[in-house]
Amino acid sequence: MSGTRLCLRVFILLAISHCTVSAPPPPLERSGALHSALQPDQASGHPPNNTLVSHAHVSYSSSLPASPFYPDRISPSPGTDRCTTIIVGPKASADGSTMTTHTADCAECDFRLAKVPARDWPAGAQRPIYLFASAYPRRVQEGRSPTWEPANLDSSLPQAPAWKKKGFSQIIGHIPQVRHTFALIEGLYGIENEHQVAIGESTCSGRFWTKPRGVPNGGQALLEIGELSSIALERCRTARCAIQTMGDLATRYGYYGAQWDGQMDDIIAEAGEALTVGDPREAWVFHILPDDTGTAAIWAAQRVPDEHLSLVANQFIIRGIPRNHSDDFMHSDNLWRVAEEHRLWSSGDGDLDFLHVYGFLRVHSAYATRRVWRVFTLAAPSLAASLPATVDDYGDSYPFSVRPDKLLTPQDLMRYQRDHYEGTAYDLTQGVAAGPYGDPNRYDPAANLGENVTLLQAGAGFYERSISLFRTSYSTVTQSRSHLPNLVAARVWICQYMPAMSTYTPLYVASTSLPPSYTQGSLFQYTDTCNYWAAASVGNWATRFYRYIRQDVEAAQQSLEAPLFHEAETSDSQAMAMLATGDMEGAREVLAEQAGKAAEVALRTWNDLFRTLIARYRDGYKVKDMQSPVFEQEFLFYPYWWLQVSGFFDHSLQMAEPESLPPSTPTVLPEQGGSAKARGRVKKSVTEKDGAAMAVRSSGRAEGEAGERGAGFTASTVVTAVGFVAGLCTALGFWLGQQWSKRQTYAPLGP
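Residues numbered from 1 in each chain as written. Predicted model: local features only at pLDDT ≥ 70, side-chain atom pairs only at ≥ 80, totals over all residues. Heavy atoms only, no water.

S.K.: Help me understand the packing of helix 15 (residues 531–542) against helix 17 (residues 584–616), please; the structure alone is not making it clear to me.
M.R.: Helices that pack against each other are described as a pair by the angle of their axes relative to one another and the distance between those axes. It is the contact of helix 15 with helix 17, at a shortest axis distance of 9 Å, that shows an interaxial angle of 25°. With respect to helix 17, the axis of helix 15 lies roughly parallel. Crossing of helix 15 over helix 17 shows left-handed handedness. Contacts from Asn531, Ala534, Ala535, Ser537, Val538 and Trp541 of helix 15 reach helix 17 at Ala599, Ala602, Leu603, Trp606, Asn607, Leu609, Phe610, Leu613 and Ile614. Looking at the contact of helix 15 with helix 17 residue by residue, the class counts come to twelve nonpolar, three polar and no charged. (Axes fitted to C-alpha atoms, helices over the stretch in contact; angles between N-to-C directions. Helix = DSSP H or I, 4+ residues; strand = E, 2+ residues; numbered from the N terminus. Parallel < 35°, antiparallel > 145°, perpendicular 65-115°, else oblique. Left-handed = near helix turned anticlockwise from the far one by under 90°. Contact = heavy atoms within 4.5 Å. Nonpolar A, V, L, I, M, F, W, Y, C, P; charged D, E, K, R; others polar.)

S.K.: Teacher, can you tell me more about the pattern of salt bridges here?
M.R.: Think of it this way: side chains of opposite charge can pair up when their charged atoms draw near. Within the structure shown, the criterion is met by 29 salt bridges. Across the salt bridge formed by Arg319 and Asp353, the nearest N and O atoms sit 3.1 Å from each other. Residue Arg319 is found in the loop between strand 16 (309–312) and strand 17 (329–331), and its partner Asp353 is found in the loop between helix 8 (335–341) and helix 9 (354–358); the two are separated by 34 residues along the sequence. Between Asp608 and Arg611 there is a salt bridge, and its shortest N-O distance comes to 2.5 Å. Of this pair, Asp608 and Arg611 both sit in helix 17, three residues apart, which is roughly one turn of the helix. (Salt bridge = Lys/Arg side-chain N within 4 Å of Asp/Glu carboxyl O.)

S.K.: I tried to follow the pairing of strand 3 (residues 98–105) on my own but got confused; where do I start?
M.R.: Successive residues of a regular strand alternate their side chains across the two faces of the sheet. Of all eight residues making up strand 3, eight are buried, and the element is well covered by its neighbours. Burial of strand 3 is two-sided: the residues Thr98, Thr100, His102 and Ala104 facing one way and the residues Met99, Thr101, Thr103 and Asp105 facing the other way are all buried. (Buried < 20%, exposed > 50% of the residue type's maximum accessible area, 1.4 Å probe, protein only.)

S.K.: Is there a simple way to explain the pairing of strand 19 (residues 491–496) in this structure?
M.R.: Among the six residues in strand 19, six count as buried, and that is most of the element. Sheet analysis places strand 18 (residues 472–480) next to strand 19, joined by six bridges and oriented antiparallel. Bridge pairing in strand 19 places Gln479 opposite Arg491. Pairing geometry for strand 19 and strand 20 (residues 505–508), over four bridges, is antiparallel. Paired with Arg491 across the two strands is Tyr508, which belongs to strand 20. (Pairing = 2+ DSSP bridges.)

S.K.: Looking at this structure, I do not really get the sheet that holds strand 23 (residues 633–635). What am I missing?
M.R.: Backbone-to-backbone hydrogen bonds join strands into a sheet, with any given pair of strands oriented parallel or antiparallel. Strand order in the open sheet formed by three strands is 21-22-23, with antiparallel pairing between adjacent strands. One side of each edge strand has no neighbouring strand; the edge strands of this open sheet are strand 21 (617–618) and strand 23. Here strand 21 runs beside strand 22 (residues 621–623); their pairing, made up of two bridges, is antiparallel. Within the sheet, the bridge partner assigned to Arg618 lies in strand 22 and is Tyr621.

Spelled out as structure tokens, the structure:
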């Protein structure tokens, strides 16, 4: 990192520390402020989560002094925390199956899926370990799966020759191969294997981070969660085996997170991982991060009660690990030792709280906690009164798991994954940010200097983070069913793109292959031959008139998925009949045919739906009946509250705002910034029935949060900060820049 860049960050933090405050400091989740790391954690009453600032070696040399650059919370770049995963115990489901989900919420990721066949290996064989990659093509590898073969790359793209060069996907080491590996379905991570071991994933922040082997000035760690999850499915028949295998391998060969270069906040945000791991009889949650040497790992797992549901939303959830042996917990041998050595825990503290000890808080903690609240209250509405929507940063008010009010089905989990907090105070289809037509998408915050938005301003605010997200690569609902043989029972319901705008179809691990519409395509080029782009087309058009188009999409989902569930059960029965006669290959073909047919129907239906939506909803009109012999259309005019907010009744409110502020004008945070005219637009009360409650609620929340925060830069603050920083940068900028350019094998974020 350059000295100039460091000086800029020093300037920003010092300026924030000198902000004028007109009200007592609000909870950090809502303020977006950067609290001093030397203050105790008043929100939770626990020891301060501040060791990153006061003790961490945040350069590439362990000789650097404590860094002034990082507060006690992280503010990662948009899209860094990517996924939500839910797991359901076998006695909490309607058919007795263990289920787990995963929304792979990654804006740039390779959305293709792969079937990896079972295979025997010779004695002494070595398994290659690849450097983590997520963007297309995340893997170019011969002999593992047709999806990852060079021949499956899109040869029409100009990048194809570079991708096909040997070594594009970098092998950074090997581990001994076992004599036999099981068949599985994988994507960015392992999903489910032929023995019905299934996995979901959610990235979490971690107190320690390290670099992998094979990168410039790299470390010693060999394995990350994508490789670990696939290896576990290659080798294990049970969830316990998968957890132990991942833990043992990570401890022996070293574990690293998905990011090791770039902004420190992003590295910390990607340092830890959580998996949900299930088999036909048990459900587990698994946590892992690098250890404090960069050569091993710290990990723990907790069993989900059979009658319960649990979930992870980018924050560790294992809270009380007993020192004494328990069949409901598994962990690495170094779990307590590392915590004690870094003064993160002591024997007098009792059970070890994995989140408090090894996690790291983010500035906007509701990014994680709100999704936990939403899924718990969807599954168990009876708990709504006792589970508050707003809690402390750690979510201490929430249990590890809950018992749902009714037995759950895959359709219930699909519904959860399509959620935007509809019907709650956090409903993303309501409010000014949703626009006149209720668009629930809130695009990732970023600097937009063309619109006079700085990176600081973009990071100061917060939109709710829903479960269904526009940047989802794919989402899954797995079933592990103990009442059926493995060949039939190992089933994955899959959809690509945002769950709310896509449709789920079944895949079987026993199938000889996967439908091509799920194994091909990339973000580089639109094609109507893959399910991702069919759904993305519908989703992007829906943003124009979401309130209306969502009804068409939901109707299409119901008309497609209801028959698919019935047909899947029929295929199961047919395959079972063939197995009874010893015809295993016939059973596999039945399941493969069902999966292929469902994928084709989904692709065709969504391509047709897109064409229909373009014709039916255009330019503020909606065709009343697409089948009528007489063409009629209705106006999709704006709701009354939007007319008031947008200045329909007060032409002066339609006047353009200045494009930019003069360079000498002090920077103004969004809560205090903008013209009085612009602020007035939000504050206007609306009483008309159409949208009135939503507009008033939105206005009140925006006004209240602005009042709570009430912080902005003044001209004197800027002058003071500039003078101080100028001297600091002159004296230290060059030296710090050189130090930051060094590399290290690990970076502990603890004392």
